[in-house]
Amino acid sequence: MELQANKAPFREIPGGWQAGSSKSITFIVTKDCQLACKYCYLVGKNTSERMSFDVARSATDYILSMEKDPLFAFESVIWDFIGGEPFLEIDLIDKICDYIKCELFRLNHHWFNSYRFSFSTNGINYASEKVQKFIKKNLDHLSIGITIDGTKEKHDLNRIYKRQDNEQEHGSYDDVVKNIPLWLSQFPDGGTKVTISSNDIPFIKESVLHLYGLGIHDVSINCVFENVWKDGDDQLLEKQLIELADTIIDNELYKDFACSFFSETIGKPLDPENDNNNWCGAGKMLAIDAAGNFYPCTRFAQYSLRNKCARIIGNITEGINRNKVRPFLCLTRTDQSRLECIECDVASGCAWCQGENYDSADSDTIFQRSTAICKMHKARVRANNYYWNRLYFKENNK
Amino acid sequence: MIQYLIIMLDDTSRSFCHYPDYKGPRNLIPLSTLRAGIVYAMKENLSLQFLYPDYQLPKEYIKAINKIDHIDIAANHDADVVICDSIPPADAMVDKTLVFRFTVDALASSIDSLCELLRTALKVNVIITDMAPVSESSFLLYKNSLRKIADAVTELIISGKIPQLNILTDRINLTAMNNCNAGWHCVTLAPDGCFYPCPAFYFKRIYSIGNLKDGVKAPNAQLFTLPYAPICRKCDAFQCKRCVWKNYIETGEVNIPSHEQCVISHLERNASVQIIKSINSRGFTWDVLPINETSYLDPISLLDVC
Ligand code: SF4
Ligand code: SF4
């Protein structure tokens, strides 16, 4: 496919649908997946924990009964289905979505006019008859992201099929890439999320360009939050990103394509009072597992945690335990950061994952920010500065 | 900075606070651990408090304890801080510091005798043991109990005796937070030779914060301090225990209180406001700082969160 540029100054990664005004509710429909990605944070995947329709229905009933509660009083709702691989449970998902729609209508709930079903899939089953039927039925209320990591070499480095002991490693690239044209025809603005671990760094540039070449205009990338980074990884990342910046600018790809590594807002100091929000919405979101337990986000369910016990904040029979939600509502940037981070000159855009913070903390707390990503963020900031300096110069001197 | 060391002499040392009494077998602290704990306190300049079980300690233990300035906390009328299982006669408690561990219901049915004690005791500390979860009816009952006790306290003050009752007069006397401060100003040495923020953490074997060999090394020690408690640092219920153990059990975090803890402390705070108002309205002046009325019972509403 040819890379083409249009006349816009530069493309930006769009904010999510109704970002900031939607409640995110996640059904963990299965803990199974066809793949065994090497960087997958889900340590407790299994084939047995599948959500039953009864659990999903009870969760929906509870949530819809809380319409006026401050924890649920959002303009819109995103019903998120995750796994493992959510489309392994397409029959269940279809039934849940039908139930949600009927109940929203029956209850005259204000979310009836403002809801989305959202999926992040490995893309393997995307073209199957059942998934396609579901997509056609719900197209106006869907967002679907397919995860593809870049070139075949990069993708297959991590995103491999589950295998028995003596089976050969087998990447999933070919089975995913064949579904990309169909996906883009249904979701022309579909973006993909790429996760970078230490071994992936040498492939970043060619992978992003490859994804652009497949017709994906928005590529969100992040370095994993876990402490996997080796000496010198930061220099390697910087070099890759500078090469990527050069290619994007030389070919004017920035007009039509976006890569989340480059953003005008990152790498600035943050005011401890006015820029003090938590990074993510843990606590304002709600995740439900097959047992009917509630979590502040899926990363706090046991299958996501290496070192700590799950943080359950309620269940479908007793509802939300508000005391367990209080810490999440109170989280600010400064309350969980060390002085070094609070005073950091390039703090903006330095992300964290609340679940990883908890999992790697020295005590059972969500108030200790993991800084494993620090040197990678600083490398990204240097490359990002280079990118914008080049881009502004080029645009201003046309 | 740590200023106090509590040494639990036995697993069955009596509870002086929110956590329940341990009902398991005795487990006396080894004499060597006791001695090492005392030396540790001396080297670190810590004030010592000993927490006693209900049985007589061996002589060598008493000898070791009496070699150093300390405070005894025991269910024994001779102790410096007396843990009371029932309400003793007021005359027997002249100038004593007493601790009562009450459920909300038990407090409601002990009001008269408790008020009698306020005439003679030096200080009465009431600990509410069923703080969470608490129903609306329990809140109401506690509020009513506080009102009745506040009336008695008001009469005593007008008559010239200023009683000390933690849940009502502490807020009037304090100008800043004065919480339990376990893990911050105060740590506990348990019979297993390890340090814990307070005995409650020892019983659950959670949050060990060091041992006699390596000293106190609390991971995330800052979370025990007021500046790292996002709700409490905005609050002015200065008398609140801010029980970090209850916080941990109810919310999962030592620095975040339950809704119930906040409501209970604000009912106390509001009752303190009423005492000052009643005294003033009867034409007496009491040289204390005014306390503002608040529209909330849970200061989480001061934060911009839902
Ligand atoms: S943390 Fe403090 S208030 Fe709570 S039980 Fe322990 S000593 Fe008592
Ligand atoms: S009332 Fe609540 S916010 Fe105030 S000190 Fe007590 S626990 Fe903290």
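Residues numbered from 1 in each chain as written. Chains lettered and ligands numbered in written order. Predicted model: local features only at pLDDT ≥ 70, side-chain atom pairs only at ≥ 80, totals over all residues. Heavy atoms only, no water.

### Some thoughts on the sheet that holds strand 3 (residues 71-74) of chain B
Residues and elements named next belong to chain B.
- With mixed pairing, 8 strands are arranged side by side in an open sheet as 6-5-4-3-2-1-7-8. Two strands lie at the open edges of the sheet, namely strand 6 (123-128) and strand 8 (195-196), each paired on one side alone.
- Looking at chain direction, strand 1 (residues 4-8) and strand 2 (residues 47-51) are connected through 5 bridges and run parallel. Along strand 2, the bridge assignment pairs I6 with Q49.
- Against the sheet, helix 1 (residues 31-43) touches strand 1, strand 2, strand 7 (186-189) and strand 8, its axis set at about 175 degrees to strand 1. (Pairing = 2+ DSSP bridges. Helix = DSSP H or I, 4+ residues; strand = E, 2+ residues; numbered from the N terminus. Contact = heavy atoms within 4.5 Å. Axes fitted to C-alpha atoms, helices over the stretch in contact; angles between N-to-C directions.)

### As for the site of ligand 2
Residues and elements named next belong to chain B.
- By nearness alone, every residue bordering ligand 2 is listed as M177, I231, C232, C235, A237, C240, P257, Q261, C262, S265, H266 and P299.
- One can see that ligand 2 is located within the second largest cavity.
- Of the residues that constitute the shell around ligand 2, the class distribution is 9 nonpolar, 3 polar and no charged. (Near = heavy atom within 4 Å. 1 Å grid on protein atoms, 1.4 Å probe; cavity = no way out; pocket = protein on both sides within 12 Å on 5 of 7 lines; lining within 4 Å. Sits in = over half its atoms within 2 Å of the grid points. Nonpolar A, V, L, I, M, F, W, Y, C, P; charged D, E, K, R; others polar.)

### Quick notes on the domain arrangement of chain A
All names here are of chain A.
- As far as domains go, chain A holds domain 1 (11-146 + 281-326) and domain 2 (191-280 + 331-391).
- Its C-alpha centre places domain 1 at a distance of 26 Å from the equivalent point of domain 2.
- On the side of domain 2, 29 residues touch domain 1, which itself brings 19 residues to the contact.
- Around 1,900 Å² of area is buried between domain 1 and domain 2 when both sides are counted, 49% of it from carbon and sulfur atoms. (Domains from an automatic or database assignment. Buried area = accessible area lost by both parts, 1.4 Å probe.)

### Regarding empty space enclosed by the protein
Residues and elements named next belong to chain B.
- Per the stated rule, a full pass over the model turns up 3 cavities of 30 Å³ or more.
- What the largest cavity holds in volume is close to 130 Å³.
- Taken together, 14 residues make up the lining of the largest cavity; nearest its centre are H18, V126, I167, K241 and E268.
- For the lining of the largest cavity, the element with the most residues is helix 9 (residues 259-281), which contributes 4 residues. (Points joined across faces, edges and corners; volume = space filled by probe spheres on them.)

### A look at helix 9 of chain B
- Given a rise of 1.5 Å per residue, 23 residues ought to cover 33 Å, and the 32 Å separating the end C-alpha atoms of helix 9 of chain B matches this to within 8%.
- Phi for G283 of chain B, located one or two positions after helix 9 of chain B, is positive at around 85 degrees. (Expected span 1.5 Å × (residues − 1).)

### Some points on the site of ligand 1
- What surrounds ligand 1 is the set C17, H18, Y19, C180, A182, C198, K241, C243, V244 and W245 of chain B.
- Looking at the shell around ligand 1, its residues break down into 8 nonpolar, 1 polar and 1 charged.

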